[in-house]
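Fold and contact review
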Amino acid sequence: MGPHHVVTEETGTSLAIPQSVQRAAGEVIHQAFERLLSSDVHVTTAAEGKRLLAEDDDTEQMTDAIQRFVGIATPVVRIALRGARFTRIPWVLVASSSVSIGVTVRSGVRELRVLAALLAHRFEVETGAQPDAALLQKLTLELYLRPGRTPNVTDLSLPLSRLARRWIVSGALGRDTRGKTGKALDAAERLDVAALASRSPMAPGRSPGP
């Protein structure tokens, strides 16, 4: 499988998301969900999740996985920004892209953990059990990236190229992702998690593979 390509209006250029960046994003996700499972974070409503995200965030550490992602992703975005056709892209964005992407990924990890905690609570309430870990990751990422769509859980592969795109572009251009995460929390609160669980390959009686 070759690299995924990302086209941004801001840069007017094609930005390749290499497999190495996708793998690094996957490591961040794996570590984030491991920490969620071992933490005491509980989110019962979308409003509660938004309040948590509005609090000052000094707690999310710059973990090794995040550092690896930033180190691999920064050269990719610097090449794209240097090739920008629009002069309104300030050179300072190129110079500071490593720091800004790091901040965005740290915030993104926190947003994902809050969203996942709300989804886990919904599963407990609606089904009486914790969701399968693969299903929880899939739902969390799909809602985080596309809160206006009902997630397709018949395939539990993670949208890592889209996640990397979100973090790289938002970080390099200084965009705040909290607004979209608020929409994702609202969507999670409305989601029919029991119906989605029944469609998952991990549902009882269904084969997890071909």
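Below is a short write-up of the structure.

All right, on to the overall build of the chain then. The number of helices and strands found in the chain is 9 helices and 2 strands. Along the chain, helices and strands appear, N-terminal first, in the series β-β-α-α-α-α-α-α-α-α-α. Considering the chain as a whole, with its 210 residues, one finds that 47% of them fall into the buried category. Sequence separation of at least 24 residues holds for 72% of the intrachain contacts in the chain that already meet a minimum separation of 6. As presented, the chain carries roughly 10,600 Å² of accessible surface, and 52% of it is formed by carbon and sulfur atoms.

A separate point is the nonpolar core. Core analysis: the largest hydrophobic core is formed by 53 residues, its most contacted members being Phe69 and Trp167. Contributing elements (two or more residues each) for this core: helix 1 (19-37), helix 2 (46-54), helix 3 (64-82), helix 5 (97-127), helix 6 (133-145), helix 7 (160-172), helix 8 (178-190) and helix 9 (193-199). With 11 residues, the top contributor of residues to this core is helix 5. Aside from chain neighbours lying at most four places away, what touches phenylalanine 69 is Val21, Ala24, Ala25, Val28, Ile101, Val105, Ala164, Trp167 and Ile168.

Right, let's get into the packing of helix 1 against helix 5. Taken N-terminus to C-terminus, the directions of helix 1 and helix 5 make an angle of 50 degrees; their axes are 10 Å apart at the nearest point. What the angle tells us is that helix 1 and helix 5 run oblique. Between helix 1 and helix 5 the crossing geometry is right-handed. Of the residues in helix 5, those in contact with Val28, Ile29, Ala32, Phe33, Arg35 and Leu36 of helix 1 are Val105, Val109, Leu112, Arg113, Ala116 and Ala117. Across the contact of helix 1 with helix 5, the residue classes break down as 10 nonpolar, no polar and 2 charged.

This part is about the side chain of glutamine 137. Locating glutamine 137 in the fold gives a position in helix 6. Among residues more than four places away in sequence, those in contact with glutamine 137 are Ile29, Phe33 and Leu158.

With that settled, consider the pattern of salt bridges. Tallying each qualifying case throughout the model produces 5 salt bridges. Residue lysine 50 is joined to aspartate 186 by a salt bridge in which the shortest nitrogen-to-oxygen separation is 2.9 Å. Here aspartate 186 lies in helix 8 and lysine 50 lies in helix 2, a separation of 136 residues in the sequence. Among the residues examined, lysine 50 registers a relative accessible area of 34% and is labelled partly exposed. For aspartate 186, a relative accessible area of 26% corresponds to the partly exposed category. We note a salt bridge from lysine 138 to glutamate 142, for which the minimum N-O separation is 3.1 Å. Of the two residues, lysine 138 and glutamate 142 are both situated in helix 6; the distance of 4 residues between them amounts to about one turn of the helix. Judged by its relative accessible area of 6%, lysine 138 falls in the buried class.

Procedures and definitions
Residues numbered from 1 in each chain as written. Predicted model: local features only at pLDDT ≥ 70, side-chain atom pairs only at ≥ 80, totals over all residues. Heavy atoms only, no water. Helix = DSSP H or I, 4+ residues; strand = E, 2+ residues; numbered from the N terminus. Buried < 20%, exposed > 50% of the residue type's maximum accessible area, 1.4 Å probe, protein only. Contact = heavy atoms within 4.5 Å. Areas by Shrake-Rupley, 256 points an atom, 1.4 Å probe, with all protein chains shown as cover. Core = buried A, V, L, I, M, F, W, Y, C linked by side-chain atoms within 4.5 Å. Axes fitted to C-alpha atoms, helices over the stretch in contact; angles between N-to-C directions. Parallel < 35°, antiparallel > 145°, perpendicular 65-115°, else oblique. Left-handed = near helix turned anticlockwise from the far one by under 90°. Nonpolar A, V, L, I, M, F, W, Y, C, P; charged D, E, K, R; others polar. Salt bridge = Lys/Arg side-chain N within 4 Å of Asp/Glu carboxyl O.

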